[in-house]
Amino acid sequence: MNPRRNSTLWASFGHAFRGVFYALRTQRNFRIHFAAILVVVTVGLWLGITPLAWALLTLTIGGVLALEMLNTALEVFVDLVEPEYHPLAKRIKDLMAGAVLVAAIAAVIIAVLVFVPHAVGS
């Protein structure tokens, strides 16, 4: 068996959770997104949003967090490959950060579209 491969399904989950905890521990923006999730869930519970709205918010939250983690992974990889400043390395990092920004803006728009009708209808 290849020693670089996961030996069990549980080991795979362990690696995945270590990645999430690494992001929480080391990435300020990931913690900011996580705090925003707590606000979104609290408001969603308070407003009593529909299961479909929860599904939409869950997909949005998952997408933003996953993209933030991909951003972190790409930054680590770029630093591994090119430890010194390089304009192309900077461009890669800027593009990935821009992708997270676009997803976060879309998430805010989705939250407004979900919450405002519920808040006005209350």
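Everything that follows concerns the structure shown earlier in this document.
Source: prediction; values computed, not measured.

The rules we used
Residues numbered from 1 in each chain as written. Predicted model: local features only at pLDDT ≥ 70, side-chain atom pairs only at ≥ 80, totals over all residues. Heavy atoms only, no water. Helix = DSSP H or I, 4+ residues; strand = E, 2+ residues; numbered from the N terminus. Buried < 20%, exposed > 50% of the residue type's maximum accessible area, 1.4 Å probe, protein only. Contact = heavy atoms within 4.5 Å. Salt bridge = Lys/Arg side-chain N within 4 Å of Asp/Glu carboxyl O. 1 Å grid on protein atoms, 1.4 Å probe; cavity = no way out; pocket = protein on both sides within 12 Å on 5 of 7 lines; lining within 4 Å. Points joined across faces, edges and corners; volume = space filled by probe spheres on them. Nonpolar A, V, L, I, M, F, W, Y, C, P; charged D, E, K, R; others polar.

> Which residues make up the side chain of threonine 60, and what values go with them?
Note on placement: threonine 60 falls in helix α3 (residues 51-81). Threonine 60 gets classed as buried once you look at its relative accessible area, which sits at 13%. When sequence neighbours within four positions are dropped, the list of residues in contact with threonine 60 reads Ala107 and Ile110.

> Can you explain the pattern of salt bridges? Please cite residues and give values.
In the structure shown here, the tally under the stated rule is two salt bridges. The partner of lysine 90 in a salt bridge is aspartate 94, with the nearest N and O atoms 2.6 Å apart. Pair noted here: lysine 90 and aspartate 94 are both in helix α4 (residues 87-121), with a separation of four residues, about one helical turn. Classification of lysine 90 by relative accessible area gives partly exposed; the value is 38%.

> Now, about the layout of surface pockets: what can you tell me, with residues and values included?
A volume near 250 Å³ is recorded for the largest pocket. Lining the largest pocket are 13 residues, and of these His33, Ala36, Val40, Ala104 and Ala107 sit closest to its centre. Going through the elements one at a time, α2 (28-47), α3 and α4 are the ones with two or more residues in the lining of the largest pocket. Considering each element in turn, the lining of the largest pocket owes the most residues, five residues, to α3. Here the residues of the lining of the largest pocket sort into eleven nonpolar, two polar and no charged.

So far we have only geometry, and geometry alone does not tell us how the molecule works.
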